[in-house]
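# Architecture at a glance
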Amino acid sequence: MTTPTIVLVGHGMVGQRFLEALADRGVTERARIVVLCEEPRPAYDRVQLTSYFSGKTPDDLSMVEAGFMERHGIELSVGDPAEAIDREARTVTARSGRVVAYDTLVLATGSYPFVPPVPGKDAQGCFVYRTIEDLLAIEEYAKTATTGAVVGGGLLGLEAAGALKGLGLDTHVVEFAPRLMPVQVDEGGGAALLRTIEKMGLTVHTGTGTQEVVTADGAVTGMRLSDGSELATDMVVFSAGVRPRDQLARDCGLEVGERGGIAVDELCRTSDPAVFAIGECALASDGRVYGLVAPGYEMAQTAAAAIADEEAGDGFTGADMSTKLKLLGVDVASFGDAHGTAEGCLDVVYSDSRAGVYKKLVVSADGVLLGGVLVGDAEQYGLLRPLTGTVPPVSPEQLVLPAGAGAPVALGPSALPDDAVICSCHNVTKHEIGRCTSLPEVKRCTKAGTGCGSCVKVIEKLLPAPADQGLCGCFSYTRSELYEIARTLRLTSFAALLDSHGREEARGGEGCEVCKPTVGSILASLNNGYILDGEQASLQDTNDHFLANLQRNGSYSVVPRIPGGEITPDKLIVIGEVARDFGLYTKITGGQRIDLFGARVDQLPSIWTRLVDAGFESGHAYGKALRTVKSCVGQTWCRYGVQDSVQMAIRLELRYRGLRAPHKLKSAVSGCARECAEAQSKDFGIIATANGWNLYVGGNGGATPRHADLLAQDLSDAELVRLIDRFLMFYIRTADRLERTSTWLERLEGGLDHLRDVVVHDSLGLCDELEALMAAHVADYRDEWAQTLDDPERLRRFVSFVNAPGAPDPSVRFVPERDQIKPDLTILTIGTLEGATSR
């Protein structure tokens, strides 16, 4: 027996889902799988394409799990598309000339952008918005442009407009239809969307088309519209819809639809039984070409089942066209019969033009929910979509009214029937989710929540609540709850908090190694006192005990603060003299500071004295606090800079220095989009634009890197500082112990959208309080090194041996290396002076 060969032409999201479906069915173990991919990279998340402009890298967008192809023996060729199919010989010829024989052929060629046939459409400065390569080209060209226009006001068109605005361009949207997103939303929804988008500074032209792209010397200089108006612009992005890529099928004689698309039956089989077509290139048996990823995934599953000779049920007979997106920061969703085409249907509408919210439900005369449109507030989408086709348990008006406006009954996921489809991307029901106990398990076992992500909130509400969320065996409260208790009751000591709110069996005790530093950080955040006074000293981690970083041989490092990386020659000389006089190892860090390594604990006060006298202060390298605000040189020196990044970095570092938090905090300010300061890898990062500052949050380097998310754009100096104040205090208030902002943001219910609602739109009414907390911190800040040096009692702590205060620790030894020192690690035991007790 020969091993059958399955050739997949195209490797987009649907193509990758098809490969996964084959692997799930064991087909990859008994067949040779060959994939011909046109793009220079494997499948990536095209739904999240615009997130590239918010800091995601092409690798972040990849849909292919590391090692997937190798594990399943799949032969993937990127940058080598199929160019011809010989159905009689059953071969595919690639652009490289390679010929691959097949037993089964699957076409997943997707679609191509439609570009209106207008004069000038191929001029320099004209782009389409479809692939990562398109985005790279747009990003590069935008560096020399000031104005951009997007042809098309649909899903991708508005995403493209958001990208151009984020690149600093004055942006126009030209839509031939009388409203934006004409396929998804009705007239009322389009009006609400228009008002909100125009408030963001975009100019929208509806009810008009593009007649000509005006050029000069071969490059775009403007557009002439069908209403007779002209628009000056440097670049044009066409996003006026897509067409099925069916040319391969046409050339080899497969049946195609009159308006395009490869005709397939319920099993996604074409007019040739050996050839299948899935995704946007396929014309389904119901006569439609589906342009969403969820129907494509269903086709992929159907084709894989047919190829594996498995029962495919009814096959693919149509799909849910519901969508939920966030366009330019605006929630937009539609589901079911959103336009009310059913005979005798009725509308239930809630509209608040001031808030930019529009909600419409379409119901039948007997109360069955048929569909709806949500603009500006799509919170209920995850519940409403599964209820489509049923009579909801509450009246329709209660489903659209906001809280406090006559909606007394809250509809929760428990109201959904077991067969309700919660994840339409992967067709996962409530019953299937109910068999899991955690969100990671749901994603692993059912793939629900791994598509567009709109179902995650509902999934989380369907899962059982964790048993005990307590911080440790001493407290049944979480860290954020303990923060609120200490803040509200104005508690200033660990003992008071433990005795009043600890578990019964822990009261009167001393706490544990989990809760002591956690509560110590909370109290430091709230009270701004000297962290080594009284009870506070016993709560601190090792490094905080001596306001310095303990190194592997028992020595300490000293890291003075250098705000923004800016330092005078005189201060550089002082650091050099201190390092020379105390024999310290020196290193310039990635955070634009100078680390001084090798100090004995008894030397720390003497070193600090020299540094403090020269104007330095503690850099808090030892604490769960702000470390650095890195910066590039900005517009002062750099020819690309558009703002003074150094000045802003200094301002922020001096404002947030000493701020105690659940974990260390890092920041950076880049003076332009070239991002030399690496702001998007920080807990909060700032990138300059021509119109102000873009604020990114939740980034992280380290072992599990994460790019930060864009929280707000084009902020003034005052707006930027105010939002950072709110963000940091909200994080400190709600995060778990030792939780970085990146992990916290991913765990936060509602994620970035909820964070934006809280700190930008003040949805919880907390912003005044958060700003007041930060103002108190700024007003009460004191340098811990200087505080220590001013108090002889505090200085007594800094000795190697409590009963031999003048003696150095003989176990702290060094050996020379590269004209400096390094720890001598040949000593395996810690020595002490006879009769002396080590600290």
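We now turn to the structure provided with this report. (Residues numbered from 1 in each chain as written. Predicted model: local features only at pLDDT ≥ 70, side-chain atom pairs only at ≥ 80, totals over all residues. Heavy atoms only, no water.)

### A word on the sheet that holds strand 1 (residues 5-9)
- With parallel pairing, five strands are arranged side by side in an open sheet as 3-2-1-7-19. On the outer flanks of this sheet lie strand 3 (74-77) and strand 19 (275-277), each paired with one strand and no other. Going from strand to strand, the sheet's axes swing by 15 degrees on average, the running direction of each strand aside.
- In terms of strand pairing, strand 1 meets strand 2 (residues 32-36) through five bridges, oriented parallel. Bridge pairing in strand 2 links valine 9 to leucine 36.
- Those strands touched by helix 7 (residues 293-307) are strand 1, strand 7 (104-107) and strand 19, and its axis lies near 160 degrees from that of strand 19. (Pairing = 2+ DSSP bridges. Helix = DSSP H or I, 4+ residues; strand = E, 2+ residues; numbered from the N terminus. Axes fitted to C-alpha atoms, helices over the stretch in contact; angles between N-to-C directions. Contact = heavy atoms within 4.5 Å.)

### Comments concerning the packing of aromatic side chains
- Applying the stated criterion to the full structure yields 11 aromatic pairs.
- Measuring from centroid to centroid gives 5.9 Å for tyrosine 656 and phenylalanine 684, while their planes differ by 90 degrees, and the two rings are edge-to-face. Here the residue tyrosine 656 occupies a position in helix 20 (residues 645-656), and phenylalanine 684 occupies one in strand 34 (residues 684-689), the gap between them amounting to 28 residues. With respect to class, tyrosine 656 is no different from phenylalanine 684; both count as buried.
- By the ring-pair criterion, three or more aromatic residues cluster together here, those being Phe727, Phe730, Tyr731 and Trp744.
- The positively charged end of lysine 571 is found above the aromatic ring belonging to phenylalanine 616, 5.3 Å away from the centroid. (Phe/Tyr/Trp six-rings, centres within 6.5 Å; stacked < 30°, edge-to-face > 60°. Buried < 20%, exposed > 50% of the residue type's maximum accessible area, 1.4 Å probe, protein only. Lys NZ or Arg CZ within 6 Å of the ring centre and 35° of its normal.)

### Let's talk about empty space enclosed by the protein
- This structure, assessed with the given rule, holds three cavities of 30 Å³ or more.
- Reported here for the largest cavity is a volume of approximately 150 Å³.
- If you trace the largest cavity, you find 16 residues lining it, with Asn528, Gly529, Gly658, Arg782 and Glu784 closest to the centre.
- Broken down by secondary-structure element, the contributors of at least two residues to the lining of the largest cavity are helix 15 (515-527), helix 24 (767-780) and helix 25 (784-789).
- Looking at side-chain class alone, the lining of the largest cavity contains five nonpolar, seven polar and four charged residues.
- Lining the second largest cavity are 13 residues; nearest its centre among them are Leu547, Ser557, Val559, Tyr622 and Trp785. (1 Å grid on protein atoms, 1.4 Å probe; cavity = no way out; pocket = protein on both sides within 12 Å on 5 of 7 lines; lining within 4 Å. Points joined across faces, edges and corners; volume = space filled by probe spheres on them. Nonpolar A, V, L, I, M, F, W, Y, C, P; charged D, E, K, R; others polar.)

### What to know about the environment of tryptophan 744
- Summarising the element assignment, tryptophan 744 is placed in helix 22 (residues 741-747).
- With relative accessibility at 0%, the residue tryptophan 744 sits in the buried group.
- Taking the C-alpha atoms as reference points, tryptophan 744 and lysine 822, separated by 78 residues in sequence, lie 37 Å from one another.
- If we ignore the near neighbours within four places in the chain, the residues touching tryptophan 744 are Phe727, Phe730, Tyr731, Thr734, Ala735, Glu739 and Leu755.

### Some remarks on the layout of surface pockets
- Estimates place the volume of the second largest pocket at around 420 Å³.
- Forming the boundary of the second largest pocket are 23 residues, of which Thr589, Gly591, Arg627, Lys664 and Lys666 lie nearest the centre.
- Counting residues per element, the ones that place at least two in the lining of the second largest pocket are strand 31 (594-599), strand 32 (626-631) and strand 33 (665-670).
- Tallying contributions element by element places strand 32 first for the lining of the second largest pocket, with three residues.

### Digging into the environment of glycine 10
- Inspection of the secondary structure assignment puts glycine 10 in the loop between strand 1 and helix 1 (13-24).
- Sequence separation between glycine 10 and proline 42 is 32 residues; the distance between their C-alpha atoms is 9.7 Å.
- In this structure, glycine 10 is in contact with Gly15, Val35, Leu36 and Ala108, ignoring residues within four places of it in sequence.

### Brief notes about the side chain of threonine 741
- Looking at where threonine 741 falls in the secondary structure, it is placed in helix 22.
- Side chain to side chain, threonine 741 and aspartate 683 meet in a polar contact 2.5 Å long. (Polar contact = N/O pair within 3.5 Å; in protein donor to acceptor, adjacent residues only side chain to side chain.)

### Some details on the pattern of salt bridges
- Taken as a whole, this structure holds 44 salt bridges when the rule is applied.
- Ionic pairing is found between arginine 41 and glutamate 133, a salt bridge with its closest N-O pair at 2.4 Å. Residue arginine 41 is located in the loop between strand 2 and helix 2 (68-71), and its partner glutamate 133 is located in helix 3 (residues 132-142); the two are separated by 92 residues in the primary sequence.
- On the basis of relative accessibility, which here comes to 28%, the residue glutamate 133 falls in the partly exposed class.
- Of the charged contacts, one joins lysine 165 and aspartate 714 as a salt bridge, the two residues approaching to 3.4 Å between their closest N and O atoms. In this pair, lysine 165 sits in helix 4 (residues 155-166) while aspartate 714 sits in strand 36 (residues 709-715), placing the two residues 549 residues apart along the sequence. Aspartate 714 carries the same exposure label as lysine 165, and that label is buried.
- Each of Glu38, Glu83, Arg95 and Arg245 takes part in salt bridges that share partners, so that together they form one network. (Salt bridge = Lys/Arg side-chain N within 4 Å of Asp/Glu carboxyl O.)

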